[in-house]
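Geometric and topological summary
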Amino acid sequence: MIEEKIVVGSEFPLNGLLTIPDGGSGPYPAAVLVHGSGPSDMNEAVYGVKPFQDLAAGLAQHNIASIRYDKRTFAHAKQMAKLKQITVKEETIEDAILATDILRNDPKIDPNRIFIIGHSMGGMLAPRIDVEGGNYAGLVILAGTPRRLEEVMLSQNEEFLQTANPVVKWIGKRQVKKLFAKFEHLYDMSDEEARKTPVLGKHVMAIYFKDMGKKQVREYLEASTKPVFVLHGEGDFQVTVKDDFALYKDILKNHPNATCKLYPGLNHMLMPVVYGDIRKAKKEYSKPQHMAEYVIADIAAWIHKI
């Protein structure tokens, strides 16, 4: 593969890499890789794993180009922390569309065969990014969720507390109850009120959740006929088969061109399960390993069919 340094955006410039297959003949199909939640570098590095680096290299082996870049909250953390009214539009969506435009204007890329590959929250946002300017040939959703973010947070906390010791459980339940009381009237708030109401610390306002949840993933997917490929690890403890993958299958059951595939023995990063325990998440991702090659091969085969 050949990797070219690129910069996404100008107001908040983001370093990135355009990965091109070496030895093939373009123009190539290409994918924009969109991160999950939280600050991430272009490889979406989490402790000992780098899923986007694996994905870019693997796709190149299958004659597919890709673009990946540092997330805005990673590259400009101090500036972003001062923006109290931030939503996923500023955090994720704008940069994904800017990266897509780079691909569309590159003669090595087929402008009609550009795909989005969103991981975790990036997968959750993929249908919205498509509608708001991405205009992709197809959507690949890796370990995503069609639920609202606050619902996922609640279920993750409840899962963690189920196996906690009695003292931690008692303290945790009180904290979770207090946190989610803030979400009780979220969608009844005006945008102005939501912009002034902190929900996570001093910097994350209610508008972040309200903006993301006001139109749910189901609405985007049910209104679209674009090809969709949903991939999920059976050992994922962050978004689960029961709550998330099953819901995707239900939403897409009448979709004319949707594929949902479950991978036994893989975790949230589509890598082999290590502990499979939400309480050991840090240890789960601290062991250096790679995204399963057969997952990347499935993504590549799907893209080549579109």
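Up top you'll find the structure we're talking about.
Residues numbered from 1 in each chain as written. Predicted model: local features only at pLDDT ≥ 70, side-chain atom pairs only at ≥ 80, totals over all residues. Heavy atoms only, no water.

Next up on the list: helix 9 (residues 206-213). Along an α-helix, a turn takes 3.6 residues, which lines up residues three or four apart on a common side. With 8 of its 8 residues buried, helix 9 lies for the most part within the structure. Within helix 9 the residues assigned to the buried category are Ala-206, Ile-207, Tyr-208, Phe-209, Lys-210, Asp-211, Met-212 and Gly-213. (Buried < 20%, exposed > 50% of the residue type's maximum accessible area, 1.4 Å probe, protein only. Helix = DSSP H or I, 4+ residues; strand = E, 2+ residues; numbered from the N terminus.)

On to the pattern of salt bridges, then. The tally for this structure, following the rule as stated, stands at 20 salt bridges. Of the charged contacts, one joins Lys-261 and Asp-298 as a salt bridge, the two residues approaching to 2.9 Å between their closest N and O atoms. Taken as a pair, Lys-261 in strand 10 (residues 258-263) and Asp-298 in helix 13 (residues 293-305) lie far apart in primary sequence, 37 residues in all. What you see here is one network of salt bridges that share partners, running through Lys-89, Arg-128, Glu-132, Asp-211 and Lys-214. (Salt bridge = Lys/Arg side-chain N within 4 Å of Asp/Glu carboxyl O.)

Turning our eyes to something else, we now look at the pairing of strand 10. Across 6 bridges, the pairing between strand 9 (residues 228-233) and strand 10 is parallel. Bridged to Gly-233 within strand 10 is Tyr-263. Crossover connection from strand 9 via helix 11 (residues 241-251) to parallel strand 10: handedness right-handed. (Pairing = 2+ DSSP bridges. Right-handed = clockwise from strand over helix to strand, strands pointing away.)

Across the 7 residues of strand 3 (residues 28-34), 7 count as buried, placing the element largely inside the fold. Where burial is concerned, the two faces of strand 3 agree: the one with Tyr-28, Ala-30, Val-32 and Val-34 and the one with Pro-29, Ala-31 and Leu-33 are both buried. Here strand 3 runs beside strand 5 (residues 109-119); their pairing, made up of 6 bridges, is parallel. Across the sheet, residue Leu-33 finds its bridge partner in strand 5, namely Ile-117. The pairing of strand 3 with strand 4 (residues 65-69) spans 3 bridges and is classified as parallel. Residue pairing across strands places Ala-30 opposite Ala-65, the latter belonging to strand 4. Chirality of the crossover, the property in question, places the unit of strand 3, helix 1 (residues 51-61) and strand 4 among those that are right-handed.

Where helix 5 (residues 121-134) contacts helix 9, the axes come no closer than 11 Å and their chain directions differ by 55°. By the angle between their axes, helix 5 is oblique relative to helix 9. Two secondary-structure elements touch here, helix 5 through Met-121, Met-124, Leu-125 and Arg-128 and helix 9 through Tyr-208, Asp-211 and Met-212. Its residues assigned to classes, the contact of helix 5 with helix 9 comprises 5 nonpolar, no polar and 2 charged. (Axes fitted to C-alpha atoms, helices over the stretch in contact; angles between N-to-C directions. Parallel < 35°, antiparallel > 145°, perpendicular 65-115°, else oblique. Contact = heavy atoms within 4.5 Å. Nonpolar A, V, L, I, M, F, W, Y, C, P; charged D, E, K, R; others polar.)

Residues Val-32 and Ile-129 are the most contacted members of the largest nonpolar core, which totals 52 residues. At 6 residues, helix 4 (residues 88-104) tops the list of elements feeding residues into this core. Setting aside residues up to four positions removed in sequence, Val-32 forms contacts with Ile-67, Tyr-69, Ala-96, Ala-99, Thr-100, Leu-103, Ile-114, Phe-115, Ile-116, Ile-117 and Tyr-136. Counting residues in hydrophobic clusters, the runner-up holds 32 residues, among them Phe-115, Phe-229, Leu-266 and Ile-296. (Core = buried A, V, L, I, M, F, W, Y, C linked by side-chain atoms within 4.5 Å.)

Next up on the list: the sheet that holds strand 2 (residues 14-20). Strand order in the open sheet formed by 8 strands is 1-2-4-3-5-6-9-10, with mixed pairing between adjacent strands. The strands lining the two open edges of the sheet, one partner per strand, are strand 1 (2-8) and strand 10. Strand-to-strand twist of the sheet, defined as the mean angle between neighbouring strand axes without regard to direction, takes the value 20°. Pairing between strand 5 and strand 6 (residues 138-142): 5 bridges, direction parallel. By the bridge assignment for strand 6, Phe-115 is matched with Gly-138. Running over the sheet, helix 11 touches strand 6, strand 9 and strand 10 and is turned about 160° from strand 9.

A word on unusual backbone geometry. Phi at Tyr-47 takes a positive value of approximately 55°, unusual for a residue other than glycine. Position of Tyr-47 relative to the elements: it lies in the loop between strand 3 and helix 1. Its identity is not glycine, yet Asn-135 carries a phi of approximately 45°, on the positive side. Relative to the assigned elements, Asn-135 resides in the loop between helix 5 and strand 6. A relative accessible area of 51% places Asn-135 in the exposed class.

For the structure on display, the rule yields 6 aromatic pairs. For the pair Phe-183 and Phe-209, a centre-to-centre distance of 4.8 Å together with 65° between the ring planes defines the contact as edge-to-face. In this pair, Phe-183 is assigned in the loop between helix 7 (166-181) and helix 8 (191-196) and Phe-209 in helix 9, connecting sequence segments 26 residues apart. Phe-209 matches Phe-183 in its accessibility class, with the two residues each being buried. Centroid distance Tyr-208 to Phe-209: 5.6 Å. Interplanar angle 75°. Geometry classified as edge-to-face. For the pair Tyr-208 and Phe-209, one class covers both residues: buried. Taken together, the ring pairs connect Phe-115, Phe-229 and Trp-302 into an aromatic cluster. The residue whose ring lies beneath Arg-148 is Tyr-187, and the NZ or CZ to ring-centre distance is 3.9 Å. (Phe/Tyr/Trp six-rings, centres within 6.5 Å; stacked < 30°, edge-to-face > 60°. Lys NZ or Arg CZ within 6 Å of the ring centre and 35° of its normal.)

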